[in-house]
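As a plain string of letters, each chain reads:
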Amino acid sequence: MNPDASRLQSPPLLAMHEASVLRGDRLILDRLSLRLSVGQHTAILGANGSGKSTLIKLIARQIYPLARADGAATIQVFGRDRWNVSELRSLIGIVSPAVQTDYTNEDAPLEVFDAVVSGFFAARGLWTEHAVTNVMRQDALEALSQVDASHLTGRHLGSLSTGEARRVLIARALVHRPRALLLDEPCTGLDPANRRRFLETLRKLAQHGVTLVLVTHHVEEILPEIDHVVVLREGRVLHAGNKASVLTSEALTQAFGMPMHVAQQDGYYHASVG
Ligand SMILES: Nc1ncnc2c1ncn2[C@@H]1O[C@H](COP(=O)(O)OP(=O)(O)OP(=O)(O)O)[C@@H](O)[C@H]1O
């Protein structure tokens, strides 16, 4: 079977039907419908406050949508609407600024290898009840090596640079060999060279079958492997479709509320204001 046919037959990574999220008295996501297939690397793009992080939290079951009046499920992940969170974590790894803040807190130091291997227990660090097997140790070492972070073993996450800590957290997310990675603004705080290195690491993961869902404000971070782009505005999908049809000057002007010009070079897109 060709990969496109098998992608259409397996349950989608995400099937969201008119999901709404209320925080306080504000409607943050407004009847949002979205379908992401397994293997369909996707970028979620939008201005500040458009609802990108809220969408990621919804997929990761960190927050819940409003119940629908007809009782129908609004979100299915891999074809199921009920998940035990630690089971879901083994299928979808998450890296977000909130996770990084938590893991680099120097008041509760966490050693790099422990941070990665404790991903098997969905815990922040190892405790006496966690029985780490040799296979887990091996997988943790492999995950660190996959993101070029083996040399950081022995250090505390709080002592690492932003980019180093980001790699370790990706290793932690990868330790289960998840089917998908949700990455919320993964390049924040990286200098241009480290950003490019980091994007190359993500490209390798995409090429090795991990479905990437990348949240970003920056068109420049949309990897050549990502062909599906969703643009959010004010909690709704403004555009969704293949990269060439969505990443146009008109669409981004609409999304960011300012004249934008989009150009493409070597598989990457660039956007400038004006
Ligand atoms: N806990 C909360 N209580 C009230 N409002 C919230 C809460 N969390 C998010 N919001 C609001 O929801 C809107 C969407 O926030 P979200 O973080 O999803 O946006 P975003 O697209 O990720 O933004 P950014 O690009 O700035 O990270 C914002 O207006 C934000 O102020």
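Residues numbered from 1 in each chain as written. Predicted model: local features only at pLDDT ≥ 70, side-chain atom pairs only at ≥ 80, totals over all residues. Heavy atoms only, no water.

Chemist: Before we go on, may I ask you to explain helix α7 (residues 162-174) in this structure?
Modeler: Because an α-helix packs 3.6 residues into every turn, residues spaced three or four apart end up facing the same way. In this model, α7 (13 residues) spans 18 Å end to end at C-alpha, consistent with the 18 Å of a helix rising 1.5 Å per residue. Among the 13 residues of α7, 11 are classified as buried, and the element is accordingly described as predominantly covered. Of all the residues in α7, the buried ones are Gly163, Ala165, Arg166, Arg167, Val168, Leu169, Ile170, Ala171, Arg172, Ala173 and Leu174. Close packing links the buried residues of α7 with β5 (92-95), α4 (97-103), α5 (112-117), α6 (134-146), β6 (180-184) and α8 (192-207). (Helix = DSSP H or I, 4+ residues; strand = E, 2+ residues; numbered from the N terminus. Expected span 1.5 Å × (residues − 1). Buried < 20%, exposed > 50% of the residue type's maximum accessible area, 1.4 Å probe, protein only. Contact = heavy atoms within 4.5 Å.)

Chemist: I'm lost on the sheet that holds strand β1 (residues 14-23) in this one. Help?
Modeler: To summarise the sheet geometry, strands pair through backbone hydrogen bonds and adopt either a parallel or an antiparallel arrangement. Overall, antiparallel pairing links the three strands, which are arranged β2-β1-β4 in an open sheet. Both edges of this open sheet fall to β2 (26-36) and β4 (75-77), since each of them pairs with a single strand only. Across this sheet, the average inter-strand angle for adjacent strands is 30 degrees, counted without regard to direction. Bridge count for β1 against β2 is seven bridges, and the pairing is antiparallel. Of the residues in β2, the one forming a bridge with Leu14 is Leu36. Each of β1, β2 and β4 touches helix α2 (residues 52-59); the most contacted strand, β1, lies at about 115 degrees to it. (Pairing = 2+ DSSP bridges. Axes fitted to C-alpha atoms, helices over the stretch in contact; angles between N-to-C directions.)

Chemist: Whenever I open this one, the site of the ligand confuses me. Can you help?
Modeler: Around the ligand, the neighbouring residues are Arg23, Arg26, Ile28, Ala47, Asn48, Gly49, Ser50, Gly51, Lys52, Ser53, Thr54 and His217. With respect to the ligand, the side chain of Lys52 contributes an N or O atom lying 2.7 Å from an oxygen atom. Take Ser53: an N or O atom from its side chain is 2.8 Å from an oxygen atom of the ligand. For the ligand, whose unbound accessible area comes to 630 Å², protein coverage reaches 64%. Going through the elements one at a time, β2 and α2 are the ones with two or more residues in the shell around the ligand. Among the elements that make up the shell around the ligand, the one with the highest residue count is α2 (three residues). (Near = heavy atom within 4 Å. Polar contact = N/O pair within 3.5 Å; in protein donor to acceptor, adjacent residues only side chain to side chain. Areas by Shrake-Rupley, 256 points an atom, 1.4 Å probe, with all protein chains shown as cover.)

Chemist: Mind showing me how you'd approach unusual backbone geometry here?
Modeler: Residues apart from glycine generally show negative phi values, whereas peptide bonds are mostly found in trans. Positive phi values are uncommon outside glycine, yet Arg61 reaches one of about 65 degrees. Among the structural elements, Arg61 can be located in the loop between α2 and β4.

Chemist: Help me understand the packing of aromatic side chains in this model?
Modeler: How two aromatic rings sit relative to each other is given by the distance of their centres and the angle of their planes. The tally for this structure, following the rule as stated, stands at zero aromatic pairs. Here Arg124 stacks its cationic end above the ring of Tyr103, 5.6 Å away from the centre of that ring. Over the face of the ring belonging to Tyr268 we find Arg196, whose NZ or CZ atom lies 4.3 Å from the ring centre. (Phe/Tyr/Trp six-rings, centres within 6.5 Å; stacked < 30°, edge-to-face > 60°. Lys NZ or Arg CZ within 6 Å of the ring centre and 35° of its normal.)

Chemist: Please explain a nonpolar patch on the surface as it appears in this structure.
Modeler: A grouping of Leu22, Leu27 and Leu66 is seen on the molecular surface, where their side chains present a nonpolar patch of about 250 Å² in accessible area. Relative to the elements of secondary structure, Leu66 occurs in the loop between α2 and β4. With relative accessibility at 39%, the residue Leu66 sits in the partly exposed group. (Patch = residues over 30% accessible without salt bridge, like charges linked within 9 Å, V, L, I, M, F, W, Y side chains within 5 Å. Salt bridge = Lys/Arg side-chain N within 4 Å of Asp/Glu carboxyl O.)

Chemist: What is the right way to look at the environment of Glu87 in this model?
Modeler: Within the secondary structure, Glu87 is located in helix α3 (residues 85-91). Note on Glu87: relative accessible area 34%, which makes it partly exposed. Separated by 14 residues in sequence, Glu87 and Thr101 place their C-alpha atoms 23 Å apart. A polar contact of 3.4 Å, which involves the side chain of Glu87, links it to the side chain of Arg80.

Chemist: Please clarify how the confidence of the model for the protein should be interpreted in this entry.
Modeler: Should pLDDT be low for a region, the predicted coordinates there are not to be read in detail. Chain-level pLDDT for the protein is 89 on average; 97% of the residues reach the 70-or-more range. For this predicted complex, the interface score ipTM comes out at 0.96, while the overall pTM is 0.88. (pLDDT = per-residue confidence, 0-100.)

Chemist: Would you mind going over the pattern of salt bridges with me for this structure?
Modeler: If the charged atoms of two oppositely charged side chains come close together, the side chains can form a pair. Considering all chains together, one arrives at 10 salt bridges under this definition. Note that Asp102 is salt-bridged to Arg124, the shortest N-O span being 3.4 Å. Highlighted residues: Asp102 in helix α4 and Arg124 in the loop between α5 and α6, separated in sequence by 22 residues. Taking relative accessible area as the criterion, Asp102 reaches 38% and is therefore assigned partly exposed. In this structure, Asp139 and Arg177 form a salt bridge, with 2.8 Å as the shortest nitrogen-oxygen distance. With Asp139 in helix α6 and Arg177 in the loop between α7 and β6, this pair connects stretches of sequence that are 38 residues apart. Judged by its relative accessible area of 14%, Asp139 falls in the buried class. Accessibility expressed as a relative area gives 53% for Arg177, which makes it exposed. Residues joined by salt bridges that share partners form a network here, namely Asp30, Arg31 and Arg236.

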